[in-house]
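Spelled out, the chains give:
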Amino acid sequence: MTLSLSQAKITFIGAGSMAEAIIRGLTSTGEGDASRVRVMNRSDVAKLQSLHERYGVSYMTEQPAKDDAIATADVVVIAFKPKDAAEGLLSLKPLLRKEQLLVSVIAGMSIDTMEGLLGVTGQPIARTMPNTSSTIGLGATGISFSSGVSDEQRQLALDMFASTGIVSVVAEPLLNAVNAVSGSGPAYIYYMMEAMIAGGVELGLEPEEARRLTVQTVLGAASMVQATGEEPADLRRKVTSPNGTTQAALETLDRCGFSEGVIKAEFRCAERAAEMGAAISASVTSHTK
Ligand SMILES: NC(=O)C1=CN([C@@H]2O[C@H](COP(=O)(O)OP(=O)(O)OC[C@H]3O[C@@H](n4cnc5c(N)ncnc54)[C@H](O)[C@@H]3O)[C@@H](O)[C@H]2O)C=CC1
Ligand SMILES: O=C(O)[C@@H]1CCC=N1
């Protein structure tokens, strides 16, 4: 019998923003069964209690219970920071079995590095790059699989992230590009929104009014691209009357290097993911010798 998402026991190690975004997405869409979702972190018990109260997931604070939640899971999701990755994976080594699917959301860390730290080859691993919009079911996740992943585990991982938004399966080297576009992308949009609100306020709007107008503008613009299927460039042209106000604004953005800045930011983001991955990889030798 195939294991479905609602039947799978899923254990999250790390209870930060990304774990919460996935847990909220999973449980609020009803795709995952909260009673089978378990979560733990290093020390913040208040955060675990709040996840339990909000989403109905159970949590573990003592080592034997944590070990048991890992050893008995069908899917183990590692959601700690890259700086904690080497230590975190090493502590998983004695607990993880070859039949369990390991899902990583950690930026930059390759499947090879994970196998190196676990001291195994052939562990089923799904390396992913989700984003925080998973919280409301509007996430965008890139995903790559190790060769040890079975068809059933592949489907389970796809269902898990599909329950939080859209999923793109990509070749592993492209996950840093996904990081640059959609993993970190929400922050670029929020940054733009902060600037739009600040500009509106400087022009005399009340902060709340500027915020309300900005939120609806971003929501409307993204929804227009999705609903009409038109290219962003074509929709932009429809807003831009010849010699009008939008043209004046866009010319100013061009003079400030807007597009170039965004593209450079994406390249730097992908490069940073590679640097962080290399740093974890370099620590494999020191941690495993
Ligand atoms: N925040 C975001 O937008 C995104 C984050 N990511 C990735 O998700 C991962 C987590 O990021 P955030 O949730 O933002 O971090 P965070 O700092 O909010 O949460 C990290 C959690 O890991 C726990 N932790 C650390 N070491 C641990 C260990 N050995 N055992 C158990 N728990 C441990 C901490 O206690 C904390 O609960 C990172 O690796 C990041 O690259 C990926 C995509 C988007
Ligand atoms: O900033 C970071 O490193 C993580 C990865 C993608 C979004 N946040």
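The rules behind each value
Residues numbered from 1 in each chain as written. Chains lettered and ligands numbered in written order. Predicted model: local features only at pLDDT ≥ 70, side-chain atom pairs only at ≥ 80, totals over all residues. Heavy atoms only, no water. UniProt positions renumbered as here; feature names shortened; annotations may be inferred. Helix = DSSP H or I, 4+ residues; strand = E, 2+ residues; numbered from the N terminus. Buried < 20%, exposed > 50% of the residue type's maximum accessible area, 1.4 Å probe, protein only. Near = heavy atom within 4 Å. Areas by Shrake-Rupley, 256 points an atom, 1.4 Å probe, with all protein chains shown as cover. Nonpolar A, V, L, I, M, F, W, Y, C, P; charged D, E, K, R; others polar. Pairing = 2+ DSSP bridges. Contact = heavy atoms within 4.5 Å. Axes fitted to C-alpha atoms, helices over the stretch in contact; angles between N-to-C directions.

- Labelled according to an unreviewed UniProt entry, the chain appears under the name Pyrroline-5-carboxylate reductase, originating from Paenibacillus cremeus.
- You can read under Pathway (unreviewed entry) in the UniProt record for the chain the words "Amino-acid biosynthesis; L-proline biosynthesis; L-proline from L-glutamate 5-semialdehyde: step 1/1."
- Listed under Function (unreviewed entry) in UniProt, the entry text for the chain is "Catalyzes the reduction of 1-pyrroline-5-carboxylate (PCA) to L-proline."

1. As for unusual backbone geometry
- Despite not being glycine, Asn 243 shows a phi value in the positive range, around 60°.
- Structurally, the position occupied by Asn 243 is in the loop between helix 10 (232-239) and helix 11 (245-255).
- The class of Asn 243 is exposed, set by a relative accessible area of 72%.

2. Describing the site of ligand 2
- Ala 107, Met 129, Asn 179, Gly 183 and Ser 184 make up every residue found near ligand 2.
- Starting from 250 Å² of accessible surface for ligand 2 in isolation, the protein chains cover 49%.
- Residues belonging to the shell around ligand 2 are distributed by class as follows: 2 nonpolar, 3 polar and no charged.

3. Focus on the sheet that holds strand 3 (residues 58-59)
- If you walk across this open sheet you meet the 8 strands as 3-2-1-4-5-6-7-8, and the pairing is mixed. Of all the strands in the sheet, just strand 3 and strand 8 (165-169) have a single pairing partner and so form its edges.
- Relative to strand 7 (residues 139-145), strand 6 (residues 125-129) runs antiparallel, the two sharing 4 bridges. Looking at the pairing, Ala 126 lines up with Phe 145 of strand 7.
- Strands strand 4 (75-78), strand 5 (101-104), strand 6 and strand 7 of the sheet are contacted by helix 5 (residues 111-118), whose axis makes an angle of about 130° with strand 6.

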